[in-house]
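Chains, contacts and geometry: an overview
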Amino acid sequence: MAGRNGRTVRDLRRANRTVVLQRLYFDGPLSRFELGPATGLSSGSVSNVVADLIADGLVEEAGSVDSDGGRPRTLLRVAPGSGHMIGVDVGETRVRIELFDLTLTELARAERPLAQQRYDVGVIVGHIRDGIAEVLAAAGVAPDRLLGAGVGVPGIVERTPDRGAVVHGQTIGWDAVPLEALLRSGSQLPDTVPYLIDNGAKTLGQAEMWFGAGRGARNALVVLFGSGVGACLVTPEVEHGRAVEWGHLTVRVRGRRCRCGALGCLEAYAGAESLLARWREEGGRPPEGTDEETALTAMLAAAYPPDGGTPDEVALAVLEETAEYLGAGLSDLINLFQPERILIGGWAGLQLGARFLPAVRRHAMSYALRHPAEKVTVDLGRLGPDAVTVGAAILPLADFFARGGRRPEPAPEYPVPAWRTALRERAPR
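Residues numbered from 1 in each chain as written. Predicted model: local features only at pLDDT ≥ 70, side-chain atom pairs only at ≥ 80, totals over all residues. Heavy atoms only, no water.

This brings us to the sheet that holds strand 3 (residues 73-78). With respect to topology, three strands assemble into an open sheet ordered 1-3-2, the strand pairing being antiparallel. Two strands bound the open sheet, and with one partner strand each, they are strand 1 (30-31) and strand 2 (59-65). Here five bridges tie strand 2 to strand 3, and the two strands are oriented antiparallel to one another. Each bridged residue has a counterpart across the sheet, and for Val 65 the counterpart in strand 3 is Arg 73. (Pairing = 2+ DSSP bridges. Helix = DSSP H or I, 4+ residues; strand = E, 2+ residues; numbered from the N terminus.)

Turning our attention to the packing of aromatic side chains. Using the criterion set out here, one finds nine aromatic pairs in the structure. Aromatic pair Phe 26 and Trp 210: ring centres 5.3 Å apart, planes at 75 degrees, arrangement edge-to-face. With Phe 26 in helix 1 (residues 9-27) and Trp 210 in helix 6 (residues 200-211), the pair connects residues that are 184 residues apart, well separated along the chain. For the ring pair Tyr 269 and Tyr 325, a centre distance of 4.4 Å and an interplane angle of 25 degrees mean the geometry is stacked. One end of the pair, Tyr 269, is in helix 7 (residues 267-270); the other, Tyr 325, is in helix 10 (residues 313-337), and 56 residues separate them in sequence. The same class applies to Tyr 269 as to Tyr 325, namely buried. Here a set of aromatic residues connected by ring pairs shows up, and it is made of Tyr 25, Phe 26, Trp 210, Phe 211 and Phe 401. The side chain of Arg 73 reaches across the aromatic face of Phe 33, ending 3.9 Å from its centre. (Phe/Tyr/Trp six-rings, centres within 6.5 Å; stacked < 30°, edge-to-face > 60°. Buried < 20%, exposed > 50% of the residue type's maximum accessible area, 1.4 Å probe, protein only. Lys NZ or Arg CZ within 6 Å of the ring centre and 35° of its normal.)

Time to look at the pairing of strand 13 (residues 229-235). Judged by how many residues are buried, strand 13 sits mostly within the fold: seven of seven residues are covered. The alternating pattern of strand 13 places Val 229, Ala 231, Leu 233 and Thr 235 on one face and Gly 230, Cys 232 and Val 234 on the opposite face, and all of these are buried. In this sheet, strand 13 lies alongside strand 12 (residues 220-225) in antiparallel orientation, the contact comprising six bridges. What sits directly across from Leu 221, in strand 13, is Leu 233. What sits between strand 12 and strand 13 in their antiparallel hairpin is a turn of three residues.

Let us look at the layout of surface pockets. Volume-wise, the second largest pocket comes out at about 800 Å³. Residue lining of the second largest pocket: 50 residues in total, with Glu 92, Val 153, Pro 154, Ala 201 and Leu 224 positioned closest to the centre. If one sorts the elements of the lining of the second largest pocket by residue count, helix 6 sits on top with four residues. Split into classes, the residues belonging to the lining of the second largest pocket amount to 21 nonpolar, 19 polar and ten charged. (1 Å grid on protein atoms, 1.4 Å probe; cavity = no way out; pocket = protein on both sides within 12 Å on 5 of 7 lines; lining within 4 Å. Points joined across faces, edges and corners; volume = space filled by probe spheres on them. Nonpolar A, V, L, I, M, F, W, Y, C, P; charged D, E, K, R; others polar.)

Attention now moves to the pattern of salt bridges. Counted according to the given criterion, the structure contains 24 salt bridges. In this structure, Arg 17 engages Asp 52 in a salt bridge whose closest nitrogen and oxygen atoms are separated by 2.8 Å. With Arg 17 in helix 1 and Asp 52 in helix 3 (residues 43-55), this residue pair connects regions lying 35 residues apart in the sequence. Taking the relative accessible area as the measure of exposure, Arg 17 reaches 2% and is therefore buried. Among the ionic pairs, Arg 256 bridges to Glu 281, the shortest N-O distance being 2.7 Å. Here Glu 281 lies in helix 8 (residues 272-281) and Arg 256 lies in the loop between strand 14 (238-244) and helix 7, a separation of 25 residues in the sequence. (Salt bridge = Lys/Arg side-chain N within 4 Å of Asp/Glu carboxyl O.)

What follows is the structure, given as structure tokens:
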């Protein structure tokens with residue numbers, strides 16, 4: 001039966017379960033007495049919801065605390081083993097797959113290196129499937145214990161009614177790839193375990209906002225600085241974040257060609273791939289036969305010799321120019337969105353780290369309008385190289401919360417286009 005606002009009793013129960021689960025998850029352990037004011041529910045509602053969640057195995061006792069003159073109060077927490085999530089990062093140098101329990105404690109991981117520019121869809125799908133099977137076997141977790149598998153990818157993710165999540169990854173050669181349908185086709189996961197796919201910068205932003213340097217901020221931008229660059233905007237109106245194709249803002253008319261095909265994009269100057277290419281073009285010598293992460297490490301060592309020796313002036317000049325381009329790009333974000341915080345993550349951002357940050361801050365402040373610049377802080381993210389996989393695992397966790405701790409319904413079957421079926425044959429075994 002629906003009330004005047006259209007909400008049914010079932011909707012109300014689900015909402016009450018959601019609010020109790022979230023308070024215990026983020027602020028627990030808590031007693032029933034503390035849950036009342038923390039959730040805004042009556043003591044009777046709290047007791048009913050808690051009893052329901054304990055019966056479902058989602059909440060467990062976690063000791064007790066003394067009360068003022070009365071009996072000790074029992075503390076409650078979310079049961080870590082009551083559910084599991086997969087987080088996948090389809091990155092520039094590898095595919096990383098991690099298995100987490102309900103409290104986002106890592107239980108197992110697998111990594112599949114990618115050769116440079118290897119974004120063959122069949123290979124990626126095979127790596128994800130094999131990695132999921134590997135981490136489940138390593139931790140001894142049955143597939144039906146999963147709440148879902150979250151996947152962070154480069155590019156724009158569109159959700160369609162007939163094909164599920166479709167990825168438009170122009171910089172990696174993905175043109176409307178029905179990734180959800182491809183993963184579901186032949187999947188070893190039960191139909192009740194969803195694949196939840198989103199932009200990698202957005203999953204990075206979600207992780208930093210929930211558990212990292214973004215906690216407590218109402219308006220923030222989280223920047224992913226890797227081979228390319230991207231960003232995630234979080235505001236009260238966009239609570240779970242929105243991916244921003246920041247790397248494809250034009251910063252120089254008739255400038256360098258970006259890997260998206262356009263001229264003068266920020267990514268053509270501020271991404272690690274272009275940074276290393278510019279070092280090579282200026283006469284630098286990146287190590288041959290290595291991946292981008294190793295080459296960037298070598299460039300940093302050349303520009304800032306650890307033994308205090310003579311720096312490579314070419315490497316130093318390219319890094320300083322990159323800091324200016326990145327700072328100018330951040331100033332656009334400051335002027336457009338006026339955030340409280342900007343957080344820089346991604347493997348290249350973390351490698352460049354504190355040494356690079358002061359110059360980036362200085363250039364951002366010099367290019368931005370004074371008023372919004374005075375209100376923003378620019379810092380590094382706190383979650384390290386696993387932030388994208390953590391954020392990807394948050395996708396099924398957030399869905400689980402929204403359902404009040406109920407398991408999802410069986411996933412719909414999405415037909416795989418006939419011309420895509422050959423990809424399964426090319427996937428690694």
